[in-house]
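One letter stands for each residue in the lines below.
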Amino acid sequence: MPRRMFSIEKRVRQNLDGAVLDLQHAAIFKYEAPAALIETFRATWGVGPQGVVLPVTAPDGLLFPVEGVGEPFSAFSGPFAGGAKDFREVVYCFSQLGLDIYLLVDPTMPFNKTEALHVVDIVGDSSAQVCTSNPRAQEIVGAILGTGIDIVNETTKSTKGKLRGVIIDCVDLLPMGGRDERLELTCFCPSCEKYFNAQDPLILKHFRTFPNPWNLLLKVGSTGIGHVHNIRANSTPEDVVGLCRQKNYHTVFEDKSTSALLGHADALLEYIRARHNLIVTSIGKMFREALEGLDQQPRRIILGEGHQYDWTSGLVMDLLDNVDGSTLEYFDEVWFNPSSTEICLERMPFRSYMWARSRYYIDSFFQLAANASDPSRRTTLGLGRLPVPKLKALLHQRLNQAIAGAASGQTSLA
Ligand SMILES: [Zn+2]
């Protein structure tokens, strides 16, 4: 009797079409050769990867020189395991083994030290990451990604693997903080303010006080910020107030009447939709800058967490799936973690990213590691005030969070 195939196996096989090996940090290919990485992937998922995601930067700097961009080089910019001298040779190794190349850029460029480009929270404090709404930041990201694209195209002329896609990592564009119930959300840098004021001169005024419309759906707790993310394209102020009351977040407001809460909800939805549009167009500008003038266009992909509304990416998932297809003007595909949500995109092509909150914890671990190992950043970010054992404990905690998020098995893929 021939071996029977059950539906779970069929489903997994379907999903695995186009499996991609994601290398989140250059440290991974610094210490492990391409062939060994492919073998590990095969052992985990039962099939070999069809493509590989290579980052074009590391949290501490560039991996290759970029004309006109005077940023520092990463300590992980080569040489690499398996004999590759530089980024170009890593690309060659993978494409020679038949893997298509995807390039990923983290547009927050944590290595950038220009404060004028940084995200700013509502009380005016700056964070050590770049705001994607700033036109200069868009040009820098475009140049880095564009240079990476040229390297891959030149290197893969005679190899089986080719450049297939370019990815912008959107999981933490708008970091959030909080203290004593007060939320410190980003970003209110001059570029963001200019945009919001042009949409509605009154909108930001609602948020420059406490409590404010954010408090409807966010709450500062002892272990982080509790948040509600069931915001959809067609959510109404009534829906928002309902969610707020279910969570008991409304107690922070002095006037708890329905009409007062609805007023806040109205402002919140206006802000969320405006923010979504700003992020979509900013990401679109980076892709345009990077892809301008190419004969063959790789797929433009954005990486999100996979919540209905991702607070730290500013994206409403089902707005990406809009009926008129206008989002497809800016990018072609979305990757997100499918296990955290029931999201089903109908018009926008998507792929599953097998990690809880996608790259959120992974990025945060590598960023902390980069900051902790740089003396000047350690002082400017206040990490310098932490005694070494505490810093080590924090690194361990972030690493554990990152590792715990791995969905490494064929059933989780199904
Ligand atoms: Zn900004």
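Preceding this paragraph is the structure being described.
Residues numbered from 1 in each chain as written. Predicted model: local features only at pLDDT ≥ 70, side-chain atom pairs only at ≥ 80, totals over all residues.

**Description of the nonpolar core**
Among soluble globular proteins, nonpolar side chains are generally buried collectively. Grouped together as the largest cluster of nonpolar side chains are 99 residues, with contacts concentrated most on Ile 101, Leu 103 and Leu 145. For this core, the element with the highest residue contribution is helix 8 (residues 258-291), accounting for 12 residues. Excluding residues within four positions of it along the chain, Ile 101 makes contact with Gly 51, Val 52, Leu 54, Val 91, Phe 94, Ser 95, Val 152, Thr 156, Gly 161, Leu 163 and Arg 164. (Core = buried A, V, L, I, M, F, W, Y, C linked by C-beta atoms within 7 Å. Buried ≥ 20, exposed ≤ 12 C-beta atoms within 10 Å, placed from the backbone. Helix = DSSP H or I, 4+ residues; strand = E, 2+ residues; numbered from the N terminus. Contact = placed C-beta atoms within 7 Å.)

**Comments concerning the pairing of strand 2 (residues 51-55)**
Consecutive residues of a regular strand have side chains that alternate between opposite faces of the sheet. With five of its five residues buried, strand 2 lies for the most part within the structure. Neither face of strand 2 is left uncovered, since the one carrying Gly 51, Val 53 and Pro 55 and the one carrying Val 52 and Leu 54 both have all their residues buried. Relative to strand 2, strand 1 (residues 20-22) is paired through three bridges, and the arrangement is parallel. What sits directly across from Asp 22, in strand 2, is Val 53. Sheet topology note: the strand 2/strand 5 (residues 100-105) ladder contains five bridges and is parallel. In the sheet register, Val 52 faces strand 5, and the bridge partner there is Ile 101. (Pairing = 2+ DSSP bridges.)

**Digging into helix 10 (residues 360-372)**
Residues that lie three or four places apart on an α-helix share one face, since the helix turns once every 3.6 residues. The terminal C-alpha atoms of helix 10 lie 18 Å apart, and with 13 residues this matches the ideal 18 Å at 1.5 Å per residue to within 8%. With 10 of its 13 residues buried, helix 10 lies for the most part within the structure. (Expected span 1.5 Å × (residues − 1).)

**Some points on the environment of Gly 178**
By secondary structure assignment, the location of Gly 178 is in strand 9 (residues 177-179). Ignoring anything within four residues of it in the chain, the contact list for Gly 178 reads Leu 183, Glu 184, Val 220 and Ile 225.

**So, the packing of helix 4 (residues 87-96) against helix 5 (residues 135-155)**
Two quantities define a packed helix pair, namely the angle between the axes and the distance from one axis to the other. In contact at an axis separation of 9 Å, helix 4 and helix 5 are set at 50° when each is read in the N-to-C sense. By the angle between their axes, helix 4 is oblique relative to helix 5. Here helix 4 and helix 5 pass one another in a crossing that is right-handed. For the pair helix 4 and helix 5, contact is made by Phe 87, Arg 88, Val 91, Tyr 92 and Ser 95 and by Ile 151, Val 152 and Thr 155, respectively. A per-class count over the contact of helix 4 with helix 5 returns five nonpolar, two polar and one charged. (Axes fitted to C-alpha atoms, helices over the stretch in contact; angles between N-to-C directions. Parallel < 35°, antiparallel > 145°, perpendicular 65-115°, else oblique. Left-handed = near helix turned anticlockwise from the far one by under 90°. Nonpolar A, V, L, I, M, F, W, Y, C, P; charged D, E, K, R; others polar.)

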